[in-house]
Amino acid sequence: MKLSLCHISLIYGAGTLCFLATAPNGFSQSDRPDLTSYALPMSGTAGGANLFPGAVLPFGMIQWSPDTEMGLRKCGYNYADNRISEFSVDHISGAGCAYGEDFGMMPMPGAQPSSPPARRNAFAAPFSHDNETARPGYYAITFDNGIKTELTTTTRTGFGRFTYPGQDAATMMINAASDVNGSAASGISIDPSTHEVTGWSVGGYFCNARGHARDIRTIYFYAVFDHPFASYSTWADGTLTPGSTNGSGTSSGGFITFDTSAGRTILAKVGISYVSIANAKANVESESPVSAFSSNDFDNEAAAAGDIWNRELNNIQVSGGTKDERETFYSMLYHALVSPTVVSDDNGQYMGYDGNVHTVGSGHAQYGMFSGWDIYRDEAQFLGMFAPQEASDMAQSLLLDYQQGGAFPRWGTTSEDSGAMMGDPAAPIIADFYTFGATNFDTEDALKGLVRAAKDPSVYAPRTKTRERDALADYLKLGYVPEHQIGGYGNVSMTLEYASADFALSQFAAELGDKSDSRMLLKHAGNWRNAFNKKNGYAEMRRRDGSWAPGFVNDRNKYDGDTAYVEGTAAQYRWMVPFDYKGLAKVLGGRQAAANKLDVFFTKLNDGGRSIYAYLGNEPCIETTWIYDFWGEPYKTQAVMRRAMTELYSSAPGGYPGNDDLGAMSSWYVFGALGMYPGLPGSDILVLGSPMFPKAVLHLQSGDITIAADGAGEDAPYVQSLRVNGKTWNKPWVRLSEITHGGTMDYTLGTKPNTNWGSKRSDAPPSHSMGWMEWWLGGLLDWL
């Protein structure tokens, strides 16, 4: 990602990070082909991926995008729709719950309506996808009524161009209370003398957080237009007042009709902030000043947004493959770079988890929208590897959330933890960031806080009434989270998630030289064994007395009156021990018996969350395709990965097997297409599959990694041989540190499996576990 202060200051103002024209590794602008034509923002906008097609920059605060009628309850957009209700300024990238969609703006032909909208889609207009364009940093649509809307963005601001045909009045609606989860309060003000509109809205409420009185935030809005207002009105709580310049209430908004005597193309600049209207305006003044307010300026800003995206996409340059494969790859890479998002303003101010305004250090940004349960599995490693400077700020942001709010967030939004999901994902996220190259944050304080959360049940966020680790006292005392636990949900999943978090944290502690805590956490990671019933090889619910709960079933997430598994079944969670597959194989009857069970599991690749088969469209299963590497059959990983990538993914609107979850599934695909995956949380070990493309060059800050694959093709997924840095390599894994400084990986691929390559026990990736004796001996050695 190669950021520094302060290139393209129009896009990134003071106090933020800016894209370099030449990266530290010498990768210059002239080396960058235009890859934006392969990155299709429209991918994943149909079905369950819940992605939006609008204008956004990498990690941008503002996501200016259309909201269609059927999409209003998710990401805002659904490709199956043919009516757009509005263009709102903030969206969530592929989550399972709706969020944002604030300050919906809608250009309308004719005079202002005589009443406010009774619902968000009251003024929806029909359109055809034939008249729609979406490319990185730019979105355009021409409605059936002839109005053309074009949008582009900087990090915190948007630039809109609205062209009204004919002679009808040119009207704009601005809904201050369009929050998809409902606004608790809102307000709007119109200043005809300056052509400005400002507003605010209290909302948020991610994943039903409203019912728990958390994730409540205020978003502030500023807009300025290049045309004077011929007339205007505002509404509040169902009452429209013509000529009014102010309105506030649970619902509020306004209509503006423009004076078109100087032309029928209306330009608008908008800014948002989570701190104040003044900051929203200052963001515009810094990143997209009104001194540059012409159609040519719009075109230049859209081109600059495209250039920024092209720099990002060129951090991985692939050669060969089909056009469809390249489009799928770069579309996934694009979506992997949308989140988490900047939440601090250009002046560095942000709303902290304590409800107070704070200022981030100069040259840094505060980030939010951490889909923790999802992104710790691969997105965090991807960002640490390709965006170490931003990922370092993200790690620091999580630490500040803890210091200001009382606990690391599980699913952090813009200024609060929504409390969604379970586990302790901040631990592996920060550990993953660090081990994959993002090290510029307060590592010692982060470790101290995470270790405290791993062993102190009192860690609590009073403002949101959330605990970082629900039922931690039981986990520490019993070695598992019992049935009918107090706090959280999905007790078997909680046990396995805490074990993975403990393992990741143990690796982070070891890298920072904290042997004692590393040893303690590695011991806790072994608690996964306490969840497994050796009689059937499944992780099951246990009661506090140690007995197994009755009524076990392997194809449902509930039994005996309690939820055992989160978004999955016993058949899908039996594999979730990513750091100790050697130990898991013993529980399942040995490597061959375990591999045979995995064969059956992949009879179906995406069979949903109530099945005995794989559900590769959701996070608990995405590690499973790589397990064969640990059990002596890496050729099966090569086969099932190629099958999954070609059958379940494409660049089409319906080209995802499930929610993208803010880049988690996109990152899975990108890693898979490169033939590698971060298999162990908190470790830099990359387990290997087979590359999809004949050549890929990864441009990292530390140097390039060149991957060559002789014979690559859809029907040739099997590794025949591999050389790493010029040396014969028979292991189906490699450490990132072994290849990150100008490393090479040279594959020979074929159509038939080489069952010998990587099959020896000594070839397998490391598995980690610690019994009581190992723990005791380690402590003795430290003491001596």
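Please read all numbers here as calculations on a predicted model, not as lab measurements.

(A) The overall build of the protein chain, seen in detail. On a plain count of helices and strands, the protein chain comes out with 18 helices and 40 strands. For 784 residues, the compact-globule estimate of 2.2 N^0.38 gives 28 Å, and the protein chain sits close to it at 26 Å. Per-residue burial for the protein chain yields a buried fraction of 65% across its 784 residues. The long-range share in the protein chain, meaning contacts at least 24 apart out of those at least 6 apart in sequence, stands at 69%. When the accessible area of the protein chain is evaluated, it comes to approximately 24900 Å², of which 49% is carbon and sulfur surface.

(B) The arrangement of the state of the cysteines in detail. Evaluation of the coordinates by the stated rule reveals one disulfide. The partner cysteine of Cys-97 in its disulfide is Cys-207, sulfur to sulfur 1.8 Å. Disulfide Cys-97 to Cys-207: torsion about the S-S bond roughly 85 degrees, handedness right-handed. You can see Cys-97 sitting in the loop between strand E4 (83-88) and strand E5 (104-109) and its partner Cys-207 sitting in the loop between strand E13 (196-204) and strand E14 (216-225), a full 110 residues away along the chain. Residue classification places Cys-97 among the partly exposed positions, given a relative accessible area of 21%. Residue classification places Cys-207 among the partly exposed residues on the basis of a relative accessible area of 29%. No disulfide involves Cys-75; its sulfur sits 13 Å from that of Cys-97, the nearest cysteine. Note on Cys-621: no disulfide assigned, nearest cysteine sulfur contributed by Cys-97 at a separation of 19 Å.

(C) Expanded view of the pairing of strand E35 (residues 695-700). When you tally the buried positions in E35, you get five out of six residues, the bulk of the element. Two elements, strand E20 (residues 316-319) and E35, share four bridges in a ladder whose sense is antiparallel. Within the sheet, the bridge partner assigned to Val-318 lies in E35 and is Ala-696. Bridging between E35 and strand E36 (residues 703-710) involves six bridges; their strand directions are antiparallel. Bridge pairing in E36 links Leu-698 to Ile-705. Hairpin remark: E35 followed by E36, antiparallel, with two residues in the connecting loop.

(D) Layout of the pairing of strand E18 (residues 252-258). For E18, the tally of buried residues reaches seven of seven residues, placing the bulk of the element in the interior. Bridging between strand E11 (residues 170-175) and E18 involves five bridges; their strand directions are antiparallel. Bridged to Thr-171 within E18 is Thr-257. Pairing between strand E15 (residues 229-236) and E18: seven bridges, direction antiparallel.

(E) The arrangement of the pattern of salt bridges in detail. In the structure shown here, the tally under the stated rule is 28 salt bridges. For Asp-517, the salt bridge is made with Lys-455, and the minimal N-O distance between the two is 3.8 Å. Placement of the pair is Asp-517 in helix H11 (residues 515-525) and Lys-455 in helix H8 (residues 443-455), with a sequence separation of 62 residues. Within the structure, one salt-bridge network assembled from shared partners comprises Asp-67, Glu-86, Glu-101 and Arg-120.

(F) Examining helix H3 (residues 323-336) more closely. Between its first and last C-alpha atoms H3 spans 20 Å; for 14 residues at 1.5 Å apiece the expected length is 20 Å, and the two agree. Counting buried positions along H3 gives 12 out of 14 residues, so the element sits mostly inside the fold. Of the surrounding secondary structure, the elements contacted by the buried residues of H3 are helix H2 (295-313), E20, helix H5 (379-386) and helix H16 (664-674).

(G) Main features of unusual backbone geometry. Cis geometry marks the peptide bond from Ser-339 to Pro-340; its omega dihedral reads -5 degrees. Mapped onto the fold, Pro-340 is located in the loop between H3 and strand E21 (341-342). At Asp-237, a position not held by glycine, the phi torsion is positive, near 50 degrees. Within the fold, Asp-237 resides in the loop between E15 and strand E16 (239-242). In the Ramachandran plot, His-484 falls in the positive-phi region, its phi being about 55 degrees despite a non-glycine side chain. Within the secondary structure, His-484 is located in the loop between helix H9 (472-478) and helix H10 (491-511).

(H) Structural detail: the sheet that holds strand E38 (residues 727-728). Within the open sheet, the six strands sit side by side as E20-E35-E36-E40-E37-E38. Their pairing is mixed. Edge positions in the sheet fall to E20 and E38, since each has one partner strand and no second. Contacts from H5 reach E20, E35 and E36 within the one sheet, and its direction differs from that of E35 by about 70 degrees.

(I) Region of the structure containing the environment of Gly-199. Along the polypeptide, Gly-199 turns up in strand E13. For Gly-199, a relative accessible area of 1% gives the class buried. The sequence separation of Gly-199 and Trp-309 amounts to 110 residues, and the corresponding C-alpha distance is 30 Å. Each residue touching Gly-199, except ones within four places of it in the same chain, is listed here: Phe-103, Gly-187, Ile-188, Ile-219, Tyr-220, Phe-221 and Ile-277.

(J) Structural detail: the sheet that holds strand E39 (residues 733-735). Across the sheet, three strands lie side by side as E33-E34-E39; this open sheet has antiparallel pairing. Looking at strand neighbours, the two that pair on one side only are strand E33 (676-678) and E39, the edges of this open sheet. Going from strand to strand, the sheet's axes swing by 30 degrees on average, the running direction of each strand aside. Pairing of strand E34 (residues 685-688) with E39 involves three bridges; the strand directions are antiparallel. Paired with Leu-686 across the two strands is Val-734, which belongs to E39.

(K) Quick peek at the nonpolar core. With 216 residues, the main nonpolar core has Phe-225, Phe-329 and Trp-631 as its most contacted residues. A total of 11 residues in this core trace back to one element, the largest contributor, which is H10. By size, the runner-up hydrophobic cluster in this structure holds 11 residues, among which are Phe-159, Tyr-222, Ala-280 and Ala-302.

(L) Representation of the packing of aromatic side chains. Counted according to the given criterion, the structure contains 41 aromatic pairs. Centre to centre, the rings of Tyr-99 and Phe-206 are 6.0 Å apart; their planes meet at 70 degrees, and the pair counts as edge-to-face. Residue Tyr-99 is located in the loop between E4 and E5, and its partner Phe-206 is located in the loop between E13 and E14; the two are separated by 107 residues in the primary sequence. Like Tyr-99, the residue Phe-206 is buried in the burial classification. Put simply, the rings of Trp-575, Tyr-581, Phe-601, Phe-602, Tyr-628, Phe-630 and Trp-631 touch in pairs and so form one group of aromatic residues. Here the guanidinium or amino end of Arg-542 rests over the ring plane of Tyr-480, the centre of that ring lying 5.1 Å away.

(M) Main features of helix H1 (residues 277-287). Residues of H1 that are buried: Asn-279, Ala-280, Asn-283, Val-284 and Glu-287. Considered in projection along H1, the buried side chains sweep an arc of 150 degrees and stay on one side of the axis. Exposed residues on H1 whose side chains face more than 90 degrees from its buried face are Ala-278 and Glu-285. Along its buried surface, H1 packs onto strand E10 (157-163), E14, strand E19 (265-273) and strand E22 (349-351).

(N) Spatial organisation of the packing of helix H15 (residues 634-648) against H16. One can describe the packing of H15 onto H16 by two numbers: an axis separation of 10 Å at closest approach and a directional angle of 130 degrees. Here H15 lies oblique to H16, going by the angle between them. Classified by chirality, the crossing of H16 by H15 is left-handed. Taking contact as the criterion, the partners of Met-641, Ala-644 and Met-645 in H15 are, on H16, Trp-668, Tyr-669, Gly-672 and Ala-673. Taken together, the residues of the contact of H15 with H16 break down into six nonpolar, one polar and no charged.

Conventions and cut-offs
- Residues numbered from 1 in each chain as written.
- Predicted model: local features only at pLDDT ≥ 70, side-chain atom pairs only at ≥ 80, totals over all residues.
- Heavy atoms only, no water.
- Helix = DSSP H or I, 4+ residues; strand = E, 2+ residues; numbered from the N terminus.
- Rg over C-alpha atoms; globule rule 2.2 N^0.38 Å.
- Buried < 20%, exposed > 50% of the residue type's maximum accessible area, 1.4 Å probe, protein only.
- Contact = heavy atoms within 4.5 Å.
- Areas by Shrake-Rupley, 256 points an atom, 1.4 Å probe, with all protein chains shown as cover.
- Disulfide = S-S within 2.5 Å.
- Pairing = 2+ DSSP bridges.
- Salt bridge = Lys/Arg side-chain N within 4 Å of Asp/Glu carboxyl O.
- Expected span 1.5 Å × (residues − 1).
- Axes fitted to C-alpha atoms, helices over the stretch in contact; angles between N-to-C directions.
- Core = buried A, V, L, I, M, F, W, Y, C linked by side-chain atoms within 4.5 Å.
- Phe/Tyr/Trp six-rings, centres within 6.5 Å; stacked < 30°, edge-to-face > 60°.
- Lys NZ or Arg CZ within 6 Å of the ring centre and 35° of its normal.
- Arc of directions from axis to C-beta.
- Parallel < 35°, antiparallel > 145°, perpendicular 65-115°, else oblique.
- Left-handed = near helix turned anticlockwise from the far one by under 90°.
- Nonpolar A, V, L, I, M, F, W, Y, C, P; charged D, E, K, R; others polar.

Everything listed here is a matter of coordinates, which is why it stays silent on function.
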